Amino acid sequence: METAQLKKFARSARRSLMEQVAAKLALVLPEGSTARRERAEAVRALEQALMDHSKDQVIERVAYTWFNRFCALRFMDVNRYTRTGVVSPTEGQS
């Protein structure tokens, strides 16, 4: 089985997810952010994770988790575990 395209996709998806997680982190952490007001406990947990690990490690871990979630959702779509496609829309859906 040829896996070159799959490896290329995985690297690209990883980079993209890491960029998106870093951008979200930049929105969440500043004082006075909406996330601090609405999800103060989650922001405190995030700040604790940043104190325990480097920023890059936290970003990597979150991106890895989301990549795995998207893969699981895609697997469920392909094997029709869900009635409507969550990640991959079925024919006639958008």
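Sequence order as written defines the numbering, with residues in each chain counted from 1. The predicted nature of this model means local features are confined to residues of pLDDT at least 70 and side-chain atom pairs, given and counted, to a pLDDT of 80 or more, with totals for whole chains, interfaces and linings taken over all residues. Where side-chain values are given, they derive from all heavy atoms of the structure, hydrogens and water being excluded.

Honestly, the layout of surface pockets in this entry has me stumped. Any pointers?
Empty space among the atoms becomes apparent when a probe as large as a water molecule is rolled across them. The volume enclosed by the largest pocket comes to roughly 460 Å³. Only protein atoms enter the calculation, which uses a 1 Å grid: trapped sets of points that fit a 1.4 Å probe without letting it out are cavities, open sets showing protein on both sides within 12 Å along at least five of seven lines are pockets, and any residue with an atom within 4 Å of a point is a lining residue. If you trace the largest pocket, you find 16 residues lining it, with Val21, Lys24, Val28, Leu46 and Val62 closest to the centre. Per-element accounting of the lining of the largest pocket gives the leading share, six residues, to helix α1 (residues 4-28). Looking at the lining of the largest pocket residue by residue, the class counts come to 13 nonpolar, one polar and two charged. Grid points are joined across faces, edges and corners, and a volume is the space filled by probe spheres set on the points. Elements are defined by DSSP. Helices are runs of H or I of four residues or more, strands are runs of E of two residues or more, and each kind is numbered from the N terminus. Polarity classes work like this: nonpolar for Ala, Val, Leu, Ile, Met, Phe, Trp, Tyr, Cys and Pro, charged for Asp, Glu, Lys and Arg, and polar for all others, with Gly in that last group.

It is not clear to me how the packing of α1 against helix α4 (residues 55-78) should be interpreted in this structure. Could you clarify?
Packed helices, taken two at a time, are described by their axes: the angle between them and the distance between them. Here α1 crosses α4 at 125°, and the two axes come no closer than 8 Å. One element, α1, and the other, α4, form an angle in the oblique class. Between α1 and α4 lies a crossing whose hand is right-handed. Between α1, through Phe9, Ala10, Ala13, Arg14, Leu17, Met18, Val21, Ala22 and Leu25, and α4, the contact on the second element is made entirely by Lys55, Ile59, Glu60, Val62, Ala63, Trp66, Phe67 and Phe70. Geometry is summarised by axes, namely lines fitted to C-alpha atoms with helices restricted to the contacting stretch, and by angles between N-to-C directions that run from 0 to 180 degrees. Should an angle fall under 35 degrees it is taken as roughly parallel, and over 145 as roughly antiparallel, whereas 65 to 115 is taken as roughly perpendicular and any remaining angle as oblique. By convention, the crossing between two helices is left-handed when the near helix turns anticlockwise from the far helix through less than a right angle, and right-handed when the turn is clockwise. Residue contacts follow a heavy-atom distance rule, with two residues in contact if any of their heavy atoms lie within 4.5 Å.

Is there a simple way to explain the environment of Thr65 in this structure?
Mapping Thr65 onto the fold places it in helix α4. With a relative accessible area of 30%, Thr65 lands in the partly exposed category. Separated by 48 residues in the primary sequence, Thr65 and Leu17 place their C-alpha atoms 10.0 Å from one another. Only protein chains enter the accessibility calculation, which uses a 1.4 Å probe. A residue is then buried if its area is under 20% of the maximum for its type, exposed if over 50%, and partly exposed in between.

Got a minute to help me understand the nonpolar core in this structure?
Here, nonpolar core refers to any group of buried Ala, Val, Leu, Ile, Met, Phe, Trp, Tyr and Cys residues whose side-chain atoms link them within 4.5 Å. Counting five residues, the largest nonpolar core is built from Leu17, Val21, Leu25, Ile59 and Ala63. Ranked by the residues each element gives to this core, the list is headed by α1, at three residues. When near neighbours in sequence (up to four residues on either side) are disregarded, Ala63 contacts Leu17, Met18 and Val21.

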